[in-house]
Amino acid sequence: MSNSLNFSDIQNHWAEKCIRELAKREVIKGYPNGTFLPEKTITRAEAAAILMKAFVNLPARRNPMQFSDVSPNLWAEQAIEFASAREFFQGYPDGTFKPNELLPRVQAITILVKGVNFNLVQNPDAILLEFLDDAAEIPDYAKAAIATACLNFFAVNYPNVRRLRPNQPITRGEFAALICQALFLWNLVPSKYVVGSDIFKIQPQFDAVEGFSDGVAWVQIGKKWGVIDKTGKIIIAPQYYEHYPFSYGLGLVTIGGKYRYIDKTGKIAIAQNVDKAFPFYEGLATIIVNGKIGYIDTTGKIVIKPQFDSPRGLFGFAHFSEGLAAVGYQEKVGFIDKSGKFIIKPQFLWADAFYDGVAFASTNSVFGFIDKSGKFTEVEKLDTVDVSSPFYDGLARFPVNGGYVFINKTGKKAFPIIFPYASNFSEGLAVVSINDKRQFIDTTGKFVLQNKFDSVSDFSDGVAWVTIGEKQSYINRNGDVLIKPRYIVNYHTFFEDLAGVFVGGQLNSYNFVGKWGYIAKAK
């Protein structure tokens, strides 16, 4: 066989990209005449040979089974032993492997699901009916594996995504597509043929992702980071390590150890030589030169010369928020406006940025917050107060005695309850734990959307992540489920109508394998 990448018979084939990538990796080979024969069926032995090359680094999970019809002289004996030790193949009840038997599609999907070590779903019949029109043709032994494949985007059905054709022999092109899904090369198989993939706005293909900001998002491929737009198109090739979200059309990166602002084409837009730089907030970015804090605008012009010290705040790098920035001066902290003038004179031991019209600050041993006139409000004495969170929706979270309370802008407790866990308020709701279950409260302390979900996250962009049994989904503020619950290993909150999600399998107790993509609220 030939491992040529220029197969003469795969041009315009639906699995062409996948076939070429697997050939490049020497997972599959073609024939001496330069063909690949994507429509040719494959045997169980041939499948085992491909699996050994595709999953060469997958550790064995058991001793290989001894099949009565696999002799040491069989060409695929080593591959069959490899596949058996990794639980791809189980063999038949009579102790045979049947190496020359054509591999049915149902077996091909089942062996990959078991080899990647997914937890098989329970009660699969309803799931199969949801995704497949020919679910009744699936043998009982394979139902759980096929349902798991459907939920985890492993099943590939061409030309009709709703027809599995479970008992038809699988072709070389079809098996290549399944291998690509199992290796999480999900940008190579057309998504319209992947069961359940209509959930994705941008198909899983990245090693890590960040939230969208300013219409773009940073994504990781290998060890480096690049930038995509909302169609998933890479607009800046992965080439950076340290990076920050885009704002005002500019993203902050380090190049050769120096801080640089790039535009959305990757061109350097600002190349000030500074000790450290930060992203733009409210049109200005904090820079540090010779240990002093100053500010530049989006053209790179220094508008407030470096002259201030660190604000010694909990969250601050002296960025502007609500028109003011906390900066240090002569060992005290005050607030300047965008001209660099002190609006609130330096008088605090430390202070944080303004949120919701107030900023936390301390004077000597007194802890409290100020409004924009500089009026100081002392916070009610609370035992073992460590760190405060900013005000959101008129309330701030405090850790107290191993739990959390909320205070209002009078400096008093808003609710008498000490919660074992509490998040900041976001969009009028906060997540708290009560009776070992996480639920939402509103700004009056009232529990809302109770007893509907097993776990919940903060609201962002009008949407919150929830778990329902072992599955994950997203809800709106009415508690309506926006997407059908799926088995998602990890998730991000929504930013600019898109959320990153990680889907994949568990290789062992510690390692997950998979890729990140994005889903949209409209799905």
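From a predicted model like this one, the values you see are computed outputs, not experimental measurements.

**Side note on the overall build of the chain**
Alright, step 1. Regarding its fold elements, the chain presents seven helices and 30 strands.
Alright, step 2. Dimensions of the chain along its principal axes, counting C-alpha atoms only, are 85 × 55 × 40 Å.
Alright, step 3. Across the 523 residues of the chain, 51% fall into the buried class.
Alright, step 4. Excluding contacts between residues fewer than 6 apart, the proportion of contacts in the chain whose partners are at least 24 apart in sequence is 49%.
Alright, step 5. Accessible surface computed for the chain: about 23,400 Å², of which carbon and sulfur atoms make up 49%.
Alright, step 6. Placing the 56 positive and 51 negative side-chain charges of the chain at their respective mean positions leaves the two points 3 Å apart.

**Here's the deal with the sheet that holds strand β18 (residues 366-370)**
Alright, step 1. Spatial strand order, β16-β17-β18-β19: four strands in an open sheet with antiparallel pairing. Two strands bound the open sheet, and with one partner strand each, they are β16 (350-351) and β19 (376-378).
Alright, step 2. Where β16 and strand β17 (residues 359-363) come together, two bridges link them in antiparallel fashion. Within the sheet, the bridge partner assigned to Trp350 lies in β17 and is Ser362.

**Quick word on the pairing of strand β4 (residues 224-228)**
Alright, step 1. Of all five residues making up β4, four are buried, and the element is well covered by its neighbours.
Alright, step 2. The sheet contact formed by strand β3 (residues 217-221) and β4 spans five bridges and is antiparallel. Each residue of the ladder has a partner; that of Ile221, found in β4, is Lys224.
Alright, step 3. Between β3 and the antiparallel strand that follows it, β4, lie two residues; Gly222 among them carries a positive phi value of about 70°.
Alright, step 4. Note that β4 and strand β5 (residues 234-240) share three bridges and pair antiparallel. Bridge assignment links Val227 to a residue of β5, and that residue is Ile236.
Alright, step 5. Where β4 folds back on β5, the antiparallel hairpin that results is connected by five residues, among which Gly232 adopts a positive phi of roughly 90°.

**A word on the side chain of Arg397**
Alright, step 1. Examined against the element boundaries, Arg397 turns out to sit in strand β20 (residues 396-400).
Alright, step 2. No salt bridge is formed by the buried Arg397; the nearest opposite charge belongs to Asp458, separated by 7.3 Å.
Alright, step 3. A polar atom in the side chain of Arg397 sits 3.1 Å from the side chain of Ser389.
Alright, step 4. At 2.7 Å, the side chain of Arg397 forms a polar contact with the backbone oxygen of Ala422.

**Topic: the pattern of salt bridges**
Alright, step 1. Summed over all chains, the structure comprises 19 salt bridges.
Alright, step 2. The shortest N-O distance in the salt bridge between Asp214 and Lys264 comes to 3.6 Å. You can see Asp214 sitting in the loop between β2 (208-209) and β3 and its partner Lys264 sitting in the loop between β7 (258-262) and β8 (268-270), a full 50 residues away along the chain.
Alright, step 3. The salt bridge partner of Glu322 is Lys372, with a shortest N-O separation of 3.5 Å. With Glu322 in the loop between β12 (302-308) and β13 (325-329) and Lys372 in the loop between β18 and β19, this residue pair connects regions lying 50 residues apart in the sequence.
Alright, step 4. Under the relative-accessibility criterion, Glu322 is labelled partly exposed at 30%.

**Some thoughts on the packing of helix α4 (residues 105-116) against helix α6 (residues 143-151)**
Alright, step 1. For the pair α4 and α6, the least separation of the axes is 9 Å and the interaxial angle reads 75°. The orientation of α4 relative to α6 falls into the category roughly perpendicular. Facing Val106, Ile109, Thr110 and Val113 of α4, the residues of α6 in contact are Ala145, Ile146, Thr148 and Ala149.
Alright, step 2. Residues belonging to the contact of α4 with α6 are distributed by class as follows: six nonpolar, two polar and no charged.

**Overview of the sheet that holds β8**
Alright, step 1. Pairing is antiparallel across the open sheet formed by three strands, whose spatial order is β6-β7-β8. Of all the strands in the sheet, just β6 (251-255) and β8 have a single pairing partner and so form its edges. Averaged over neighbouring strand pairs, the angle between their axes works out to 55° when direction is ignored.
Alright, step 2. As paired elements, β6 and β7 share five bridges and run antiparallel to each other. Looking across to β7, one finds that Leu252 is bridged to Tyr261.

**With respect to helix α7 (residues 172-182)**
Alright, step 1. Extensive coverage of α7 is indicated by the burial of 11 of its 11 residues.
Alright, step 2. All of the buried residues in α7 are Arg172, Gly173, Glu174, Phe175, Ala176, Ala177, Leu178, Ile179, Cys180, Gln181 and Ala182.
Alright, step 3. Residues of α7 that are buried in the fold lie against α1 (16-24), α2 (44-54) and α4.
Alright, step 4. Positive phi appears at Phe184, one or two residues downstream of α7, with a value of about 60°.

**So, the state of the cysteines**
A covalent bond between the sulfur atoms of two cysteines is what we call a disulfide.
Alright, step 1. Scanning all chains against the criterion turns up one disulfide.
Alright, step 2. Bridging Cys18 to Cys180, the disulfide has an S-S length of 2.1 Å. The sign of the S-S torsion, about 105°, decides the handedness of the disulfide formed by Cys18 and Cys180: right-handed. One end of the pair, Cys18, is in helix α1; the other, Cys180, is in helix α7, with 162 residues separating them in the sequence. For the residue pair Cys18 and Cys180, the accessibility class agrees, reading buried in each case.

What counts, and where the lines are drawn
- Residues numbered from 1 in each chain as written.
- Predicted model: local features only at pLDDT ≥ 70, side-chain atom pairs only at ≥ 80, totals over all residues.
- Heavy atoms only, no water.
- Helix = DSSP H or I, 4+ residues; strand = E, 2+ residues; numbered from the N terminus.
- Buried < 20%, exposed > 50% of the residue type's maximum accessible area, 1.4 Å probe, protein only.
- Contact = heavy atoms within 4.5 Å.
- Areas by Shrake-Rupley, 256 points an atom, 1.4 Å probe, with all protein chains shown as cover.
- Lys, Arg positive; Asp, Glu negative; His and termini not counted.
- Charge placed at Lys NZ, Arg CZ, Asp CG, Glu CD.
- Pairing = 2+ DSSP bridges.
- Salt bridge = Lys/Arg side-chain N within 4 Å of Asp/Glu carboxyl O.
- Polar contact = N/O pair within 3.5 Å; in protein donor to acceptor, adjacent residues only side chain to side chain.
- Axes fitted to C-alpha atoms, helices over the stretch in contact; angles between N-to-C directions.
- Parallel < 35°, antiparallel > 145°, perpendicular 65-115°, else oblique.
- Nonpolar A, V, L, I, M, F, W, Y, C, P; charged D, E, K, R; others polar.
- Disulfide = S-S within 2.5 Å.

Taken by themselves, the reported measurements are silent on function.
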